Amino acid sequence: MPQTARARTAHRPRWWAELLLLAVVYGAYSAGRLLARGDVSTAVDHGLAILRIEKAFFLNAEHPLNRLFTSTPALGIPADFAYASLHYLVTPAVLIWIFRRRPAHYRAARAWLMLSTLLGLIGFTLLPTCPPRLLDASYGFVDTMAQYSSYGWWGAEASAPRGLGGMTNQYAAMPSLHVGWAVWCGVLLWRYGKSPLLRILGVVYPLVTVIVVMGTANHYFLDAVAGVAVMGAGALLTAPALRAADRGWTLATGRYAFVARHARLPAPAQAADEASVTGTTPVNSPVKPPIVSDGCETSTGERFPGQRTRTNSSTRTAGGTGAAADDAATAAR
């Protein structure tokens, strides 16, 4: 693993950067979920097709559970509260727990959650599905959220606060991310929880979520199965996605360091550095004068043949003619 990847995995990320990232991702997810609204008749057809498949394989547990929750407020009301709130509370709580207690595993857990949520958004776009509670009453389902709306903050439009039903996509039933996120929480609690209580919660929470989403007529059983499948696909994609992110980070930081190093160099040094890399001489670089001695040196007092001393030059200048001055100097010796 590259040094940057090891450093980023070993140290806990900055909390404010993670909070900003999660807020941006969830905002994009919510906006995409709203934009994924399909034709209502198409969503109803998909819902009825899922119901027929379940009946053919005797998987339609939604009917008995929905009748139980409808006839027993002691079960229906807590189930509605659980459907409307737990995925907003438990999922961030587990993410914060991993961040604080298991920082070495946080990055992989966060990537798994984000990738699976993105896959769920693709499912909402390609397969808009009408939930059981919005089917015609002749199909035998009762909207418990509407039945018990006076006990909670929601109205007759899913689990959104009363009057804000238009801010949610009620036909984003396939896959069930309520179940998918619950499976994510359960796996992390089971894998990294040290106490038996945490491990028990890791098993119970996803199972209770499956019962709640079917009993409140918000999802089919196959929606729950699709939610588990989406989380499985996200888990398989997590390691390759992290490796690709590490490679991209390494390339980006390496290129930035190269640019920054060259930006700090003075112009001659930068030109020389570029020449050492490319093997060429920069056009605008200063050229040093050639060495003409070819390594030859003279000892003290030794002259090159024909070399004129300072005395010769001054005598020549004073005498007026160069030849007469030279003859006088020779006669004097």
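Residues numbered from 1 in each chain as written. Predicted model: local features only at pLDDT ≥ 70, side-chain atom pairs only at ≥ 80, totals over all residues. Heavy atoms only, no water.

**Observations concerning helix H9 (residues 196–215)**
An α-helix turns once per 3.6 residues; consequently, residues spaced three or four apart project the same way.
Okay, step 1: For H9, with 20 residues, the first-to-last C-alpha span of 28 Å sits near the 28 Å given by 1.5 Å per residue.
Okay, step 2: Those residues of H9 not exposed but buried are Gly202, Tyr205, Pro206, Thr209, Val210, Val212, Val213, Met214 and Gly215.
Okay, step 3: Backbone geometry just downstream of H9 places Ala217 in the positive-phi region, at approximately 65°. (Helix = DSSP H or I, 4+ residues; strand = E, 2+ residues; numbered from the N terminus. Expected span 1.5 Å × (residues − 1). Buried < 20%, exposed > 50% of the residue type's maximum accessible area, 1.4 Å probe, protein only.)

**Considering the environment of Val204**
Okay, step 1: Considering the arrangement of structural elements, one finds Val204 in helix H9.
Okay, step 2: Taking the C-alpha atoms as reference points, Val204 and Gly186, separated by 18 residues in sequence, lie 7.9 Å from one another.

**Remarks on the pattern of salt bridges**
Okay, step 1: Taken as a whole and judged by the stated rule, the model has two salt bridges.
Okay, step 2: Among the salt bridges present, the one from Arg107 reaches Asp246, with a minimum N-O distance of 2.9 Å. Note that Arg107 is positioned in helix H6 (residues 103–126) and Asp246 in helix H10 (residues 221–264), a separation of 139 residues in sequence. Judged on exposure class, the residue Arg107 and its partner Asp246 are both buried.
Okay, step 3: Of the charged contacts in the structure, one is a salt bridge between Arg133 and Asp143, with a shortest N-O distance of 3.2 Å. Here Asp143 lies in the loop between H6 and helix H7 (144–147) and Arg133 lies in the loop between H6 and H7, a separation of 10 residues in the sequence. (Salt bridge = Lys/Arg side-chain N within 4 Å of Asp/Glu carboxyl O.)

Fair warning: the whole summary comes from geometry, so function is off the table for now.
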